[in-house]
Amino acid sequence: MLERLGLKPEASEQEIENYQDDAPYQAFGLHRQSWGGPPLLNFVLKTGQQRGLPYSQIVDSSLEPGDVIRLEFYGKRVTIRGRRLGEAYAKLLSFRVVYFAEADHATARLVQENEPVITEIRIEDNAPGLLSAEPG
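Residues numbered from 1 in each chain as written. Predicted model: local features only at pLDDT ≥ 70, side-chain atom pairs only at ≥ 80, totals over all residues. Heavy atoms only, no water.

S.K.: Tell me about the environment of Phe95, residues and numbers included.
M.R.: Examined against the element boundaries, Phe95 turns out to sit in the loop between α1 (86–92) and β7 (97–101). Here Phe95 falls in the partly exposed class, since its relative accessible area comes to 28%. Sequence-wise, Phe95 and Leu30 are 65 residues apart; in three dimensions their C-alpha atoms are separated by 8.8 Å. (Helix = DSSP H or I, 4+ residues; strand = E, 2+ residues; numbered from the N terminus. Buried < 20%, exposed > 50% of the residue type's maximum accessible area, 1.4 Å probe, protein only.)

This is the structure in structure tokens:
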């Protein structure tokens, strides 16, 4: 309806239920509702690999200077680097982010400076200090 009235939402505000390989690049997709969103958060790597981790297992999150989002899951740590990721982090806090998509080098260079882009997604197993049995 908004599109018909010429009030199309910005690309980062469009609701996207799932990541689509053939769609134009978007750093993140949003669910229609807050607090009733998807059970999994999908991470799409520039290699094409996708990895879903449960929202229910996020035990800590932060937005750090330099546009770095850090997510701590039980046994996993996810680091997301890019630019203009503040909105994504705010939406993440209300369970609205459906996916984060890492752009390849060429795509990242084509994204306009005023638009969000993710240049790196790193998923590490056995994040230190999270449910890990430390000696001693």
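S.K.: So, the packing of aromatic side chains: which residues are in play, and what are the values?
M.R.: With the rule as written, the count across this model stands at 3 aromatic pairs. Their ring planes at 85° and their centres at 6.4 Å tell us that Phe43 and Phe73 sit as a pair that is edge-to-face. Taken together, the residues span a long stretch of sequence, with Phe43 in strand β2 (residues 40–44) and Phe73 in strand β5 (residues 68–73) at a distance of 30 residues. In terms of burial, Phe43 and Phe73 fall into one category: buried. Ring geometry for Tyr55 against Phe95: centres 5.1 Å apart, planes inclined by 65°, an arrangement best described as edge-to-face. Of this pair, Tyr55 sits in the loop between β3 (50–54) and β4 (58–64) while Phe95 sits in the loop between α1 and β7, and the two are 40 residues apart along the sequence. (Phe/Tyr/Trp six-rings, centres within 6.5 Å; stacked < 30°, edge-to-face > 60°.)

S.K.: Give a detailed account of the sheet that holds β5, specifying residues and quantitative values.
M.R.: Strands sit in the order β4-β5-β6-β8 across an open sheet of 4 strands; the sheet is antiparallel. The sheet terminates laterally at β4 and β8 (117–125), the two strands that pair on one side only. On average, each strand axis in the sheet is inclined to that of its neighbour by 10°, with strand direction left out of account. (Pairing = 2+ DSSP bridges. Axes fitted to C-alpha atoms, helices over the stretch in contact; angles between N-to-C directions.)

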